[in-house]
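Okay, here's what each chain looks like letter by letter:
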Amino acid sequence: MLTRIQSDARYVQIIGQTAFLCWGILFLGWQEIASSMFIALVSCLSIQGLAIMFGGAPVHSLRSALITGLGLSLLLRVNDPLLMLLAAALAIGQKFLLRWRGYHFWNPANFAIAILVFFSDDAWVSPAQWGQAIGILVLIFFIGVVILRQIHRWDTALIYMTTISILVIIRFQWYLDWDFSVTIHQLTTGSFWLYSLFMITDPMSTPQNKGWRRMWAIGLAGLTFYIQFFMFIPTAAVWSLFLMTPCVPFINEWTKEKKFSWIK
Amino acid sequence: MKNVLMFIGMAFGLFFFKNSWCFCGFYVAKADATLFNNKSEVILVRNGTYTVITMGSDFQGDVKDFAMVVPVPVVLKQSDIAVVDRGIFDRLDAYSAPRLTEYYDENLCQQRWIEKEEMLAYPSVSEAQSRMANELTEKDNYHVTIEAQYTVGEYDILLLSATESEGLKHWLTDNGYKIPAKAERVLQPYIKSNMKFFVVKVNLNELKKAGFTTLRPIQIRFDHPKFMLPIRLGMANSNGTQDMLVYAFTPTGRVECTNYRTVKMPTDRKIPLFIQNDFGSFYKNVFDRAYEREGKNCVFLEYAWNVTPSWGGMKCDPCVGPPPMNQDFVQAGVNWNQWNAPSSVFFTRLHVRYDQAHFPMDLQFQSTPNTEHFQARYVITHPAPVYDGFNCEWGQTYLVELHDRRRLECEEWFSLTGAGKETGYAYISEFDHYLHQIPSHWRNEVEEHYELPIKTKKGSIWPESMAVQWSGSSIENQRKWLWLLGMLSFVSVFIFFSNRKLK
């Protein structure tokens, strides 16, 4: 079992996201929205299953589909659980329909969330759902470190978080002259950590080239910061990632780096 | 297809909520805003980026000492400022307050007896009564600009912009505004974020002319993407906690906080009958305990409902007060629900207790499309009338159930409030003397007299069905563990069967 888990970083990702879901069920009352989570997981797997049967996708891609389903469950909130079916269709469909030279343009879960929140009147994201509990931060941190080591994307997360931290300190601590507790409050939200360690580090939608990837992470952090604190949109991370990932296939094509493979 | 799935969902719901009540209780009491000291009330209306904030003040001192400084994102025009009737706060509070509902048990022995006696009408239990100009002046030494100056109602209003907090503080104190000593440090960030200061003082002549003795709420409206309530300024000189009730209206759905967790108050709990005598202080204890348990840095949801006047659905159960009318919405600043184009109005009531240590930032909000209804509701159940005793098989079973239920009610009370240790055994055993035989599972309890558990619980303590002997686990907990187990086994099975050779 352990060797199997080590063979593919997605296993750790699945275990990690399941742990966060369990946290939500245990402490945040998510048993109330369990039906929409269930639909998200099942529909992501079934749609990917269809793609495997009729589109020739590899069987192991089911793992990616499960990660997408877990991502939707963790982040997207809907009025009608059936909307999760649409979210799953958008997320998985986009991977197969919007492709360019072997790369898809968006992180599947992020794409579905952005499209649904923007176009539908029944979906939203709750950025404060995790609160500031130290327990969830420790959990996110440790699982994050294990995964990022395995997929060699720790640099993206580190640079993204550092850039945001520096910008927050400059703006809130140094320029606006707020108390230090404001900076701490901004930087210890569960959503920020979860996004930094899990969402933006998807190796399929970050540049393969190291230098470019680091530059890209800085740009992403800057854009997130701008949307959140100058356009006053609390769900900034969703929108900045949505705007920044489409340039990744072009960067990859230009730098001619080898495509990332999940399987060792 | 949708209907089919909805039906299955409903069946699941029934399975999990076997013990839920039908909507037919009576409303008996409410826990309104007057319970909390140091409280303020705010009505927030948000439509896109258009925001209306109505600030209710419960200012107790001499009106000539009243002054208020509120940071606002833009310079307001005179037409953007209004004074509204205080009554709207009372109506919204009364309508959305946490409520106590009562239900009545029937005496089925009595019913049989009545049948035997061939009486046509027996006393219906449901008969039980329901108690139911803009001058622009720069003062060099202060670096403060008066962007605008108005008199609205009984208030003199200034809109200031400043470049440094020291100057603003001096300007305010020199012009007779009493500013807390530590306010300067808090003013600075607002100045730097280019916010303006909405400064209010009472115009005594206007007040005399209008004939009011108390101050009316002030309403401001502006168009700006910022959706927040500045609470830091009010905390500058206060070490204690303050309560704030936010009545929010949007065309889409619930309002939730984006920088603090929004938590639902415990709801639909059965509590002992005698709580109806003092429901107010009971709810206050429930709130205190929820506040402590959630880490003192949460915003609590007390009510969320679609209150569109033209909407035909049920607006509350039970209704604590008359629902807000169109004119209430207009007064609150709801501008999208016109007679010619009615659209939906969603009402959210949030309760936040804040202090300096746990709320380092101003409250920021977002309006979500979440239209799930919610109310903080507690239930009492009256025992069946005794009549000629419970001398039938059903009656004897009922008495055992009643005893067990009352014990659970006491434990629920304890788990909700952490109080109630002093509950007498008298309430639990009130009807025991009608029993012909003490059931075996009470033996220890009766001998030693019943005591509440040592530790209070977080969730509801009610078992899934009252017919089952009390197992100590709750519906909420059972569902929680069920989903948890389901999740874990789903993922384990996935990993176990995920076949590497098929790559």
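Residues numbered from 1 in each chain as written. Chains lettered and ligands numbered in written order. Predicted model: local features only at pLDDT ≥ 70, side-chain atom pairs only at ≥ 80, totals over all residues. Heavy atoms only, no water.

Looking at this structure, I do not really get the overall build of chain B. What am I missing?
Broken down by element type, chain B carries 13 helices and 21 strands. For chain B, the proportion of its 503 residues judged to be buried stands at 53%. Summed over all atoms, the accessible surface of chain B reaches about 23,500 Å², with 54% contributed by carbon and sulfur. (Helix = DSSP H or I, 4+ residues; strand = E, 2+ residues; numbered from the N terminus. Buried < 20%, exposed > 50% of the residue type's maximum accessible area, 1.4 Å probe, protein only. Areas by Shrake-Rupley, 256 points an atom, 1.4 Å probe, with all protein chains shown as cover.)

For this particular structure, what's the right way to read helix 8 (residues 154–175) of chain A?
For an α-helix, the turn length of 3.6 residues means that residues three or four places apart are oriented alike. Residues and elements named next belong to chain A. For helix 8, which comprises 22 residues, the first-to-last C-alpha distance of 30 Å matches the rise-based estimate of 32 Å (1.5 Å per residue) to within 8%. Of all the bends in helix 8, the largest measures some 25° and sits at Ile 169. Along helix 8, the residues classified as buried are Asp 155, Thr 156, Ala 157, Ile 159, Tyr 160, Met 161, Thr 163, Ile 164, Ser 165, Val 168, Arg 171 and Phe 172. Buried residues in helix 8 make contact with helix 7 (134–151), helix 9 (180–187), helix 10 (190–199), helix 11 (210–229) and helix 12 (236–244). Positive backbone phi, approximately 65°, marks Asp 177, located one or two places after helix 8. (Expected span 1.5 Å × (residues − 1). Bend = angle between axes of the 7 residues up to and from the residue. Contact = heavy atoms within 4.5 Å.)

Got a minute to help me understand the packing of helix 8 (residues 279–293) of chain B against helix 10 (residues 393–417) of chain B in this structure?
How two helices sit against one another is set out by the angle between their axes and by the gap between those axes. All names here are of chain B. Where helix 8 contacts helix 10, the axes come no closer than 7 Å and their chain directions differ by 55°. The pairing of helix 8 with helix 10 is recorded here as oblique in orientation. Residue-level inspection shows Phe 282, Asn 285, Val 286 and Arg 289 of helix 8 in contact with helix 10, the latter providing Trp 413, Phe 414, Ser 415, Leu 416 and Thr 417. (Axes fitted to C-alpha atoms, helices over the stretch in contact; angles between N-to-C directions. Parallel < 35°, antiparallel > 145°, perpendicular 65-115°, else oblique.)

Can you walk me through the interface of chain B and chain A in this structure?
How large an interface is tends to be reported as the accessible area lost when its parts come together. With 50 residues of chain B in contact, the opposing surface of chain A contributes 59 residues. Buried surface at the junction of chain B and chain A, both sides included, amounts to about 4,700 Å², of which 67% is carbon and sulfur. Its salt-bridge partner being Glu32(A), residue Lys264(B) comes within 2.4 Å of it at the nearest N-O pair. Along the contact surface separating chain B from chain A lie 7 residue pairs in polar contact (both at pLDDT 80 or more). Elements represented by at least two residues in the side of chain B that touches chain A include exactly helix 1 (2–16), helix 5 (183–192), strand 14 (255–257), strand 15 (261–264) and helix 13 (475–497) of chain B. In terms of residue count, the dominant contributor to the side of chain B that touches chain A is helix 13 of chain B (14 residues). Looking at the side of chain B that touches chain A residue by residue, the classes come out as 22 nonpolar, 12 polar and 16 charged. (Buried area = accessible area lost by both parts, 1.4 Å probe. Salt bridge = Lys/Arg side-chain N within 4 Å of Asp/Glu carboxyl O. Polar contact = N/O pair within 3.5 Å; in protein donor to acceptor, adjacent residues only side chain to side chain. Nonpolar A, V, L, I, M, F, W, Y, C, P; charged D, E, K, R; others polar.)

Just checking my understanding: could you explain the environment of Asp105(B) for this structure?
Mapping Asp105(B) onto the fold places it in the loop between strand 6 (99–104) and helix 3 (108–116). Within the structure, Asp105(B) has its side chain in polar contact with the side chain of Tyr398(B) (distance 2.7 Å).

Would you mind going over the side chain of Arg46(B) with me for this structure?
Residues and elements named next belong to chain B. Counting through the fold element by element, Arg 46 comes out in strand 2 (residues 39–47). Buried and unpaired, Arg 46 has Asp 223 as its nearest opposite-charge partner, separated by 6.8 Å. From its side chain, Arg 46 meets the backbone oxygen of Pro 225 in a polar contact 2.8 Å long. (Lys, Arg positive; Asp, Glu negative; His and termini not counted.)

Can you walk me through the packing of aromatic side chains in this structure?
For any pair of aromatic rings, the description consists of the separation of the ring centres together with the inter-plane angle of the planes. Scanning the model with the defined rule gives 43 aromatic pairs over all chains in all. Where Phe105(A) meets Phe250(A), the ring centres are 6.0 Å apart and the plane angle is 45°; that geometry is what we call tilted. Residue Phe105(A) is located in the loop between strand 3 (103–104) and helix 6 (108–119), and its partner Phe250(A) is located in helix 13 (residues 248–255); the two are separated by 145 residues in the primary sequence. By relative accessible area, Phe105(A) is classed as buried at 16%. Residue Phe250(A) is classed as partly exposed on the basis of its relative accessible area of 42%. Residues Phe274(B) and Tyr427(B) carry aromatic rings whose centres are separated by 4.9 Å and whose planes lie at 85° to one another, so their mutual orientation is edge-to-face. Highlighted residues: Phe274(B) in the loop between strand 16 (269–270) and helix 8 and Tyr427(B) in helix 11 (residues 425–428), separated in sequence by 153 residues. The class for Tyr427(B) is buried, based on a relative accessible area of 9%. Three or more aromatic residues joined by ring pairs make a cluster, and in this case those are Phe89(B), Tyr95(B), Tyr247(B), Phe249(B), Tyr303(B), Trp305(B), Phe329(B) and Phe347(B). The residue whose ring lies beneath Lys192(B) is Tyr175(A), and the NZ or CZ to ring-centre distance is 5.0 Å. (Phe/Tyr/Trp six-rings, centres within 6.5 Å; stacked < 30°, edge-to-face > 60°. Lys NZ or Arg CZ within 6 Å of the ring centre and 35° of its normal.)

What am I meant to see in helix 7 of chain A here?
For helix 7 of chain A, built from 18 residues, the straight-helix expectation of 26 Å at 1.5 Å per residue is met to within 8% by its first-to-last C-alpha distance of 26 Å. Immediately downstream of helix 7 of chain A, the backbone of His152(A) shows phi near 55°, a positive value.

So what exactly am I meant to see when it comes to the pairing of strand 9 (residues 155–162) of chain B here?
On any regular strand, side chains alternate: one points to one face of the sheet, the next to the other face. All names here are of chain B. Of all 8 residues that make up strand 9, 7 are buried, and the element is covered over most of its length. When strand 8 (residues 144–152) meets strand 9, the two strands line up antiparallel, connected through 8 bridges. For Ile 146, the partnering residue across the bridge sits in strand 9 and is Leu 160. In this antiparallel pair of consecutive strands, strand 8 and strand 9, the connection spans 2 residues, and Gly 153 shows a positive phi of 60°. (Pairing = 2+ DSSP bridges.)

In this structure, what is going on with the sheet that holds strand 19 (residues 363–367) of chain B? I would like to understand it.
Pairing between sheet strands relies on hydrogen bonds along the backbone, with the strands arranged either parallel or antiparallel. Residues and elements named next belong to chain B. If you walk across this open sheet you meet the 3 strands as 12-19-14, and the pairing is antiparallel. For this open sheet the edge positions go to strand 12 (228–229) and strand 14, each flanked by a neighbour on one side alone. Note that strand 14 and strand 19 share 3 bridges and pair antiparallel. Looking at strand 19, one finds that Glu 256 is bridged to Gln 366.

Got a minute to help me understand the pairing of strand 2 of chain B in this structure?
All names here are of chain B. Counting buried residues along strand 2, 7 of its 9 residues qualify, which places the element largely inside the surrounding structure. In this structure, strand 2 lies alongside strand 13 (residues 242–250), joined through 7 bridges in parallel fashion. From the neighbouring strand, Ile 43 faces strand 13, where its bridge partner is Tyr 247. As paired elements, strand 2 and strand 3 (residues 50–56) share 7 bridges and run antiparallel to each other. Following the sheet pairing, Val 45 is matched in strand 3 by Val 52.

Would you take a moment to explain the nonpolar core for this structure?
General note: in soluble globular proteins, nonpolar side chains tend to be found buried as a group. Within the largest apolar cluster, 161 residues are counted, with the highest numbers of intra-cluster contacts made by Leu72(A), Leu160(B), Phe198(B) and Leu363(B). Ranked by residue count, the leading element in this core is helix 2 (residues 9–27) of chain A, at 9 residues. Ile275(B), Phe282(B), Tyr378(B) and Tyr425(B) belong to the second-largest nonpolar core, a separate cluster that totals 24 residues. (Core = buried A, V, L, I, M, F, W, Y, C linked by side-chain atoms within 4.5 Å.)

What am I meant to see in the environment of Leu66(A) here?
Here Leu66(A) is to be found in helix 4 (residues 61–75). Here the alpha-carbon distance between Leu66(A) and Gln13(A), two residues 53 residues apart in the chain, equals 9.8 Å. Among all residues touching Leu66(A), those that are not within four sequence positions of it are Ile14(A), Leu41(A), Leu45(A), Phe490(B) and Phe494(B).

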